[in-house]
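Chain by chain, the residues:
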Amino acid sequence: MKITGITKEFIMQEDRDFDSAHASTLLELKNGDIISAWFGGSWEKDSNVAIWASIRKNGAWTQPKMLADTRGIALWNPVLFELKNGRIILFYKEGATIPEWRTLYITSDDMGESWSKPRELVEGDKSGGRGPVKNKPIRLKNGNIVAPASLEGETWDAFVDISEDDGKTWQQSELVPLRRVSYNPQMIDRPYNKYYCYGKGVIQPTLWEDDNGHLHMLLRSTSSAIFKSDSTDGGRTWCTAYDTGLPNNNSGLDLVKLPNGYIVLAYNAVGNLPNYYKGPRTPLTLAYSDDNGASWKELCVIEDGRGAFAYPSIICNDKNEIMLTYSWNRERIVYCKLTYTL
């Protein structure tokens, strides 16, 4: 696989109505336009943080528009998805702290021009994790929607939410089993075990379904590595998560399955040793797998300078095009389009 072209551009310019932008999502519309959303405000967790969006039309991005705002409470992590009837749904989190999150959503029937009022995804739930937490849901061959979810508190855990009725109702899977290990120096010196996860755990899964109908997730971790878990029952149960050997800086990642079955992963290709907390959010790299995630090869480096280039969201189409957005120094969102050959 080879990249044949790449373009990058800022979605918003200096004349924006927020100082900080982060956690973007994107979706290609039926007419070929691209819509992207993110949370923006003075800084993550601040009470003025709202959900914003822009649409790329005729080669240019519209002025960012606020789609959702709860006065005095921070909003987080928008995720875009298209339902069978063409309706666009945008999930997002509301809450002063992550363990207090509840999941809300709004919908659009005119390709992002206007939006409904917010509704709760799961009525009365304030567990902090129902529905997609950062990355896009996927639709399985059987028609079910599977949304990658997680919980953050004293420990971190991942699961999925499953909808069999195109997003009307959701069933929570079992948590992904995880072998947590303390990260004191004595433990770090122990022999390598791919099931050891140091620190709080794993969050923010990204998903794909293989040709046999099995599901797989890659996970952000506090263990300086991307972890993986697999399911053979449509996501209802998962195997014990294990170290893939790919580095992770305890920051977000995302992947997309191409029409030919290759998987393209967007991530910061750096770990966070020796402190097992967070590593640098540069470089931002694309890797690909042609063997269902068993091995990975570098495809290209998107950003490698000083700074923070993180939280990618990635999609593709059937025109040999890959599109992604990511945070640029927590100030703006970059849109990147790549063409490729196999």
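Everything below is about the structure printed above this text.
Residues numbered from 1 in each chain as written. Predicted model: local features only at pLDDT ≥ 70, side-chain atom pairs only at ≥ 80, totals over all residues. Heavy atoms only, no water.

## Some points on the pairing of strand E3 (residues 34-41)
With respect to burial, E3 is a largely interior element, 8 of its 8 residues being buried. Of the two faces of E3, the one lined by Ile34, Ser36, Trp38 and Gly40 and the one lined by Ile35, Ala37, Phe39 and Gly41 are each fully buried. Where strand E2 (residues 20-28) lies against E3, 7 bridges are found, and the strand directions are antiparallel. Bridging from a neighbouring strand, Ala21 pairs with Gly40 of E3. Joining the antiparallel neighbours E2 and E3 is a turn of 5 residues, in which Gly32 adopts a positive phi near 95°. For E3 and strand E4 (residues 50-57), the ladder comprises 7 bridges, and the chain directions are antiparallel. Bridge assignment links Ile34 to a residue of E4, and that residue is Arg56. (Buried < 20%, exposed > 50% of the residue type's maximum accessible area, 1.4 Å probe, protein only. Helix = DSSP H or I, 4+ residues; strand = E, 2+ residues; numbered from the N terminus. Pairing = 2+ DSSP bridges.)

## Focus: the pattern of salt bridges
Going through the model one piece at a time under the given rule, you end up with 19 salt bridges. One salt bridge connects Arg16 with Glu14, and the closest N-O pair in it is separated by 3.5 Å. Take Arg16: its relative accessible area is 16%, and that puts it in the buried class. Put simply, Arg130 and Asp161 hold a salt bridge, and the shortest N to O gap is 2.8 Å. With Arg130 in the loop between strand E10 (119-120) and strand E11 (138-139) and Asp161 in strand E13 (residues 156-163), the pair connects residues that are 31 residues apart, well separated along the chain. Linked by salt bridges that have partners in common, Glu14, Arg16 and Arg332 make up one network. (Salt bridge = Lys/Arg side-chain N within 4 Å of Asp/Glu carboxyl O.)

## A short note on the sheet that holds strand E1 (residues 2-10)
The 4 strands are arranged E1-E27-E26-E25 in an open sheet whose pairing can be described as antiparallel. Single-partner strands in this sheet number two, and they are E1 and strand E25 (309-316). Put simply, the sheet's adjacent strands are angled 20° from each other on average, direction ignored. With 8 bridges joining them, strand E26 (residues 321-328) and strand E27 (residues 332-341) adopt antiparallel strand pairing. Within E27, the residue paired with Leu324 across the bridge is Cys336. (Axes fitted to C-alpha atoms, helices over the stretch in contact; angles between N-to-C directions.)

## Describing the nonpolar core
By size, the foremost hydrophobic cluster in this structure holds 26 residues, and its most contacted members are Ile35, Ile51, Leu80, Leu90, Tyr92 and Trp115. Filtering out sequence-adjacent residues up to four positions away, Tyr92 remains in contact with Ile51, Ala68, Leu75, Trp76, Asn77, Pro78, Arg102, Thr103, Leu104, Tyr105, Ile106 and Pro118. Core analysis: the next-biggest nonpolar cluster, separate from the first, contains 20 residues, Leu258, Leu286, Leu324 and Tyr340 among them. (Core = buried A, V, L, I, M, F, W, Y, C linked by side-chain atoms within 4.5 Å. Contact = heavy atoms within 4.5 Å.)

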